[in-house]
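Here's the letter readout for the chains.
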Amino acid sequence: MSGEYNPSPEGNPSFLARRNRLQTALVKFIGSHTPKCREVVRILSRSMDSKLPLAMRIKLRLHYLICAWCQRYAKQLHVLRKIASSAPDHVDEFSQDALSSTAKERMKEALRRNRRE
């Protein structure tokens, strides 16, 4: 990756969109004091297992001011978690049907052909 880290690239629909010098300075300040997007993704995944410390939750909220995509990702994770938590109540309703051995072999052969191509 060449050039300096840009926490809020052009076209980012975040709250702070670098419209003037003050916002640009604020975006750079927040970007230097909060985790980068790749780290945010890991932190959000970890937050699904255990509660994050208050300081990290504040840093994430500040990061969301400059990165709408991470904020959207967090919302998606929470929706998926909500859906997944409701699924165990209805597990018995799902079909227990299994594929026949010939269907499994056809799928394996198709995957092998695709791998060769």
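Residues numbered from 1 in each chain as written. Predicted model: local features only at pLDDT ≥ 70, side-chain atom pairs only at ≥ 80, totals over all residues. Heavy atoms only, no water.

Caption draft 1: Fine view of a nonpolar patch on the surface. A cluster of nonpolar residues, L54, I58 and L62, forms a patch on the protein surface that exposes about 270 Å² of accessible area. Relative to the assigned elements, L62 resides in helix α3 (residues 54-66). (Patch = residues over 30% accessible without salt bridge, like charges linked within 9 Å, V, L, I, M, F, W, Y side chains within 5 Å. Areas by Shrake-Rupley, 256 points an atom, 1.4 Å probe, with all protein chains shown as cover. Salt bridge = Lys/Arg side-chain N within 4 Å of Asp/Glu carboxyl O. Helix = DSSP H or I, 4+ residues; strand = E, 2+ residues; numbered from the N terminus.)

Caption draft 2: Layout of the nonpolar core. V40, I43, L44, M48, L52, L60, Y64, C67, C70, A74 and L77 together form the largest nonpolar core, which totals 11 residues. Put simply, the parts of the chain that give this core at least two residues each are α2 (37-47), α3 and α4 (68-86). (Core = buried A, V, L, I, M, F, W, Y, C linked by side-chain atoms within 4.5 Å. Buried < 20%, exposed > 50% of the residue type's maximum accessible area, 1.4 Å probe, protein only.)

Caption draft 3: Structural view of the confidence of the model for the protein chain. For the protein chain, per-residue confidence averages 82 on the pLDDT scale, and 78% of positions sit at 70 or higher. When pLDDT is averaged over each element of the protein chain, α3 comes out on top at 92 and helix α1 (residues 21-33) at the bottom at 84. (pLDDT = per-residue confidence, 0-100.)

Caption draft 4: Summary view of α1. Here α1 contains 13 residues, and its C-alpha end-to-end distance of 18 Å stays within 8% of the 18 Å for a straight helix at 1.5 Å per residue. Considered for burial, the residues of α1 that qualify are Q23, V27, I30 and G31. Angular distribution of buried residues about the axis of α1 spans 100 degrees; they occupy a single face of the element. Exposed side of α1, more than 90 degrees from the buried face: R21, L22, F29 and S32 are the residues found there. Each element contacted by the buried residues of α1 is listed here: α3. (Expected span 1.5 Å × (residues − 1). Arc of directions from axis to C-beta. Contact = heavy atoms within 4.5 Å.)

Caption draft 5: Layout of the pattern of salt bridges. Tallying each qualifying case throughout the model produces 2 salt bridges. Between E105 and K108 there is a salt bridge whose closest N-O contact spans 3.8 Å. Here E105 pairs with K108, and both are found in helix α5 (residues 101-116), just 3 residues apart, close to one helical turn. Under the relative-accessibility criterion, E105 is labelled partly exposed at 43%.

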